[in-house]
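# Structural characterization, general
This is what each chain is made of:
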Amino acid sequence: METDKPSNTRAIAEDWKNSPYYDQAEQTTGVFWGEGSVFPPFFNKMNLSHVAELACGHGRHVPHYIDRSDKITLIDVNAENTEFCKSRFTDKKISVFQNDGLTLESLGDGACTSFFCYDAMVHFEMLDIWSYVQEIKRVLVNGGFALLHHSNYSKSPMLKEGLKSLPLLAYS
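Quick summary incoming for the structure in this document. Remember, it's a predicted structure, so these values are computed and weren't measured experimentally.

This part is about the pairing of strand S1 (residues 50-54). When you tally the buried positions in S1, you get five out of five residues, the bulk of the element. The two faces of S1 match: His50, Ala52 and Leu54 on one face and Val51 and Glu53 on the other face are all buried. Sheet analysis places S1 next to strand S2 (residues 71-76), joined by five bridges and oriented parallel. Considered in S2, the bridge of Ala52 is made with Thr73.

Structure follows, in structure tokens:
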């Protein structure tokens with residue numbers, strides 16, 4: 001996929017092609033889904049009729065919500081990841097798209113009831129995050145819910161209680 005995205009964004013995306021991280025991360029989903037995690041209460045507030053997941057990697061989170069969703073859209077900037085997910089998930093309710101690292105062109109206005117991104121935004125350029133926030137607002141239905149995780153918020157009072165990251169919430 002040819003894009004006009006900035007070279008820093010391209011370089012960051014390149015770092016994640018065929019990374020051993022995906023196999024390792026598959027074993028650590030308890031951080032997001034395990035008992036005592038702060039994320040499930042937020043995630044459980046989401047209407048999962050049509051959930052979109054940004055920076056899906058190899059789809060490690062999908063098994064945790066597939067049975068509660070009617071339609072799932074997985075999005076990643078790297079073709080290697082989207083091809084992996086297409087092979088891994090054959091359920092017809094799952095669509096997989098490669099994006100340009102800035103936009104969500106594969107999704108129409110008001111297409112999703114919920115949207116999330118776990119464990120990836122810390123690697124995004126600040127302007128890319130801003131672009132995504134605008135796009136997420138566009139693709140969410142009125143009243144839709146986005147859960148965006150960024151693990152680099154060191155001023156959070158929750159860190160003093162042992163939490164290493166803070167979910168960011170946005171409503172449409």
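Now that the structure has been shown, we can carry on.
Mapped onto the fold, Cys85 is located in helix H5 (residues 79-88). Between the C-alpha atoms of Cys85 and Cys56, which are 29 residues apart in sequence, the distance is 8.4 Å. The contacts of Cys85, once residues within four sequence positions are left out, are Cys56, Gly57, His58, Gly59, Leu74 and Val96.

The rules behind the values
Residues numbered from 1 in each chain as written. Predicted model: local features only at pLDDT ≥ 70, side-chain atom pairs only at ≥ 80, totals over all residues. Heavy atoms only, no water. Buried < 20%, exposed > 50% of the residue type's maximum accessible area, 1.4 Å probe, protein only. Helix = DSSP H or I, 4+ residues; strand = E, 2+ residues; numbered from the N terminus. Pairing = 2+ DSSP bridges. Contact = heavy atoms within 4.5 Å.

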